[in-house]
Amino acid sequence: GCARPGTSLESQGKARGSSRFGASPRQTSAALILAHLLIETMAMRRSLLAAALALCAALGLLSAALAPAFAGSSAQSAIRGSRISRASTIYEVMVTNPSVGARTRLNINEATTVEEIITKARKEMDFEMTFLDGDWYLYEIEDETKPLSGAMGQYNLRPWGPEGMELHLLYQPKV
């Protein structure tokens, strides 16, 4: 209803024995208890979530502290180290086709054959056409009179730099 003149809505509700929203005191206290239980449940869930996150963080830190640095185990690094020690030195060579100016850099070792270098260089320079097969020769840039053959370990391999090894790849079809 309408408010009586000279009284407030709150005083009218108290006079009728009800709360501000028209509920009895018993209903109001039940609503407060229910609200309190909901808040406690939400707080408990929040604290359980916080505890779970803290536990995950602690386990992550513990596993990071106990795990070896970077990836892999010490057994794997020992295996890798033995493979590296058995492998020969890697050299970088520059292979140039002077007739078109195409160049590529290849990593080789002493056991790499001239045929392997020719195959890799042709692929890198896009000279893989089948009609060009068979007539490719590799020369040291200092001496283009004698084609290279066999394993590269027999030649003066040196680390790449100003005095590094540059090879010329030439297509010389037989007439």
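Right above here is the structure, for reference.
Small disclaimer: the values here were computed from a predicted structure and weren't measured.

(A) Geometry of the sheet that holds strand β4 (residues 166–171). Ordered in space as β2-β1-β4-β3, the 4 strands form an open sheet in which the pairing is mixed. Because the sheet does not close on itself, it has two edges, and the strands there are β2 (102–108) and β3 (136–140). Looking at each pair of strands side by side, their axes are set apart by 30 degrees on average, direction ignored. Relative to β4, strand β1 (residues 91–97) runs parallel, the two sharing 3 bridges. When the sheet's bridge partners are listed, Thr-96 is paired in β4 with His-168. Along the sheet, helix α4 (residues 114–124) contacts β1, β2, β3 and β4; its crossing angle with β2, the most-contacted strand, is approximately 135 degrees.

(B) Geometry of the nonpolar core. Val-95, Ile-108, Ile-117, Leu-138, Met-152, Leu-167 and Leu-169 are the most contacted members of the largest nonpolar core, which totals 22 residues. For this core, the elements supplying multiple residues, two or more each, are β1, β2, α4, β3 and β4. Per-element accounting of this core gives the leading share, 4 residues, to α4. The residues contacting Ile-108, other than those within four sequence positions of it, are Thr-89, Ile-90, Tyr-91, Val-93, Ile-117, Met-152 and Leu-157.

Rules used throughout
Residues numbered from 1 in each chain as written. Predicted model: local features only at pLDDT ≥ 70, side-chain atom pairs only at ≥ 80, totals over all residues. Heavy atoms only, no water. Pairing = 2+ DSSP bridges. Helix = DSSP H or I, 4+ residues; strand = E, 2+ residues; numbered from the N terminus. Axes fitted to C-alpha atoms, helices over the stretch in contact; angles between N-to-C directions. Contact = heavy atoms within 4.5 Å. Core = buried A, V, L, I, M, F, W, Y, C linked by side-chain atoms within 4.5 Å. Buried < 20%, exposed > 50% of the residue type's maximum accessible area, 1.4 Å probe, protein only.

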